[in-house]
Amino acid sequence: MTGLALAPVLTVAPNGAWAEGEGASPVHVSATLTPSLSHAARSGGRYYGAAARADHLRQDKALRAAILRDCEVLTPEIHLKWNSLEWRKGQFHFTPVDDLLAFADENGLRVRGHTLLWDQSTPDWAKHEMLDRRDWRLMSEHFSRVLGRYASRIDEWDVINEPIDTVSGAHALRRNTFFRAFGPTYIERAMEEARTHAPHAHLVINDYGFEYGNPVDKARRQAFVALARRLRAARVPLDGVGVQAHLDLSKGPIDRVGLQEMTKALIDLGLDITVTELDVKETEASASTPARDQKVADETRRYLDVMLAFPEVRGVVTWGLTDKFSWLTEQVDARVRADRGVNRGLPYDDAYSPKPMYWALEDTLRASA
Ligand code: 9MR
């Protein structure tokens with residue numbers, strides 16, 4: 001397959017939410033001149049996808065077009081999190097997930113389930129209840145509700161998000177609410193619970209901070225492998241791992257050998273690997289835009305060169321597609337914020353022009369075929 005392979009003409013159906021406020025005519029997106037990231041990924045037997053929010057999809061026709069051109073997979077950026085689904089106990093908010101799934105279904109996209117358990121996205125009422133009662137039924141009910149509703153349509157789940165903490169954790173596990181309420185075996189129990197409600201799903205543990213040569217990243221790599229090893233040895237249902245890959249230009253350079261060793265060790269345990277949240281955090285905005293974009297692209301390439309050498313890395317998901325909608329825009333330091341508040345760490349800029357990062361992704365995905 002060549003880099004200029006023709007993508008099909010894609011259509012956003014003019015029904016329901018997606019045509020809201022934009023007249024009745026369908027939006028035709030022709031991708032005939034641009035190679036798409038999914039094409040490149042598919043040529044290597046992988047998938048490419050991005051995280052998105054239903055409200056952004058609804059508002060922004062150009063976002064929908066870019067997703068339809070480039071993505072085979074969508075990750076709901078916030079809507080499947082517990083505090084999104086059930087901010088108040090017993091009041092359920094499924095509509096954004098349902099909307100996102102409808103968009104995915106209409107357009108033949110797959111959806112990654114992100115995430116069943118993450119301390120940061122657990123509503124306060126649930127945290128209090130867990131700590132007060134230590135009753136696992138709260139967890140079973142949550143899993144049963146979410147997986148009962150969505151497991152037939154979402155076949156891959158980040159069951160646990162960010163369980164590792166080598167700095168202030170206990171045995172490298174984060175002392176999160178689940179840990180404090182149920183002890184370290186909450187991990188095993190959560191994976192078993194997920195398997196009960198989603199017998200055929202691909203079950204994943206997802207975490208960050210594995211890329212660089214500093215002592216914390218190094219310890220995190222070792223802890224992640226140790227956790228996976230322990231779970232596999234105990235035959236806990238764990239099918240794969242997600243490595244988030246929030247790259248950070250202030251932490252470079254990427255520790256190629258460390259990353260290779262971790263990836264190989266995880267693969268040797270029979271796990272497959274997904275790059276689940278790739279983006280690049282900039283450190284300064286004083287350089288010219290082309291220079292900034294080149295740095296972001298180079299970092300992306302350095303990372304993917306290592307990861308895509310492994311056929312077991314089954315897909316790459318970026319945490320957004322355009323700088324217009326990026327969590328990093330709120331996180332960037334003051335120097336970057338000075339430049340209209342935009343971090344340039346995703347494939348498209350905020351006006352939907354593909355940047356060097358786009359081509360770094362396209363090239364590394366295709367070259368690894
Ligand atoms: O990008 C997400 C941001 O919009 C949300 O406010 C936040 C809390 O739900 O979560 C962000 O996504 C995180 C992801 O779920 C887990 N890994 C880190 C991501 C960036 O914080």
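In this text, all values refer to a predicted model and were calculated from it rather than measured experimentally.

Enquirer: Teacher, can you tell me more about the site of the ligand here?
Expert: Near the ligand the following residues occur: Glu77, Ile78, Lys81, His114, Trp118, Asn161, Glu162, Gln244, His246, Glu277, Trp319 and Trp327. Within the side chain of Glu277, one N or O atom sits 2.7 Å away from a nitrogen atom of the ligand. The side chain of Trp319 places a nitrogen or oxygen atom 2.9 Å from an oxygen atom of the ligand. Across the complex, the protein chains shield 77% of the 460 Å² of accessible surface that the ligand would expose by itself. Here the residues of the shell around the ligand are counted per class, giving four nonpolar, four polar and four charged.

Enquirer: Please clarify how the environment of Leu203 should be interpreted in this entry.
Expert: With respect to the secondary-structure elements, Leu203 resides in strand β8 (residues 202–207). Overall, the relative accessible area of 0% leaves Leu203 in the buried class. Residues Leu203 and Ile160 lie 43 residues apart in sequence; the distance between their C-alpha atoms is 9.1 Å. Beyond its immediate stretch of four places on either side in the chain, Leu203 contacts Trp157, Val159, Met191, Ala194, Arg195, Pro237, Leu238, Asp239 and Gly240.

Enquirer: How do you make sense of the confidence of the model for the protein when you look at a structure like this?
Expert: One rule of thumb: low pLDDT means the predicted coordinates there are not for detailed reading. When pLDDT is averaged along the protein, the result is 90; 88% of the residues meet or exceed 70. With pLDDT under 50 throughout, residues 1–33 is counted as low confidence; its partners more than four residues away or in other chains account for 60 contacts.

Enquirer: Would you mind going over the packing of aromatic side chains with me for this structure?
Expert: For any pair of aromatic rings, the description consists of the separation of the ring centres together with the inter-plane angle of the planes. Here the structure, examined in full by the defined rule, presents nine aromatic pairs. With a centroid separation of 6.1 Å and 90° between ring planes, the pair formed by Trp82 and Trp125 is classed as edge-to-face. Of the two residues, Trp82 is situated in helix α4 (residues 82–85) and Trp125 in helix α6 (residues 124–133); the sequence distance between them amounts to 43 residues. Exposure class is identical for Trp82 and Trp125. Each is buried. When the centroid spacing of 5.7 Å and the interplanar angle of 10° are considered together, the rings of Phe92 and Phe94 count as stacked. For Phe92, a relative accessible area of 34% puts it in the partly exposed group. A relative accessible area of 15% means that Phe94 is categorised as buried. An aromatic cluster of at least three residues, connected via ring pairs, comprises Tyr348, Tyr352, Tyr358 and Trp359. Seen from the ring of Tyr47, Arg110 lies directly overhead, with NZ or CZ sitting 4.8 Å from the centre.

Enquirer: Looking at this structure, how should I read the packing of helix α12 (residues 289–307) against helix α15 (residues 356–367)?
Expert: Packed helices, taken two at a time, are described by their axes: the angle between them and the distance between them. With their axes 8 Å apart at the nearest point, α12 and α15 run at an angle of 20° to one another. If you check the angle between α12 and α15, you find them roughly parallel. Crossing of α12 over α15 shows right-handed handedness. Across the interface between the two elements, Asp293, Gln294, Val296, Ala297, Thr300, Arg301, Leu304 and Asp305 of α12 pack against Pro356, Met357, Trp359, Ala360, Leu361, Asp363 and Thr364 of α15. Per-class residue counts for the contact of α12 with α15 are eight nonpolar, three polar and four charged.

Criteria and thresholds
Residues numbered from 1 in each chain as written. Predicted model: local features only at pLDDT ≥ 70, side-chain atom pairs only at ≥ 80, totals over all residues. Heavy atoms only, no water. Near = heavy atom within 4 Å. Polar contact = N/O pair within 3.5 Å; in protein donor to acceptor, adjacent residues only side chain to side chain. Areas by Shrake-Rupley, 256 points an atom, 1.4 Å probe, with all protein chains shown as cover. Nonpolar A, V, L, I, M, F, W, Y, C, P; charged D, E, K, R; others polar. Helix = DSSP H or I, 4+ residues; strand = E, 2+ residues; numbered from the N terminus. Buried < 20%, exposed > 50% of the residue type's maximum accessible area, 1.4 Å probe, protein only. Contact = heavy atoms within 4.5 Å. pLDDT = per-residue confidence, 0-100. Phe/Tyr/Trp six-rings, centres within 6.5 Å; stacked < 30°, edge-to-face > 60°. Lys NZ or Arg CZ within 6 Å of the ring centre and 35° of its normal. Axes fitted to C-alpha atoms, helices over the stretch in contact; angles between N-to-C directions. Parallel < 35°, antiparallel > 145°, perpendicular 65-115°, else oblique. Left-handed = near helix turned anticlockwise from the far one by under 90°.

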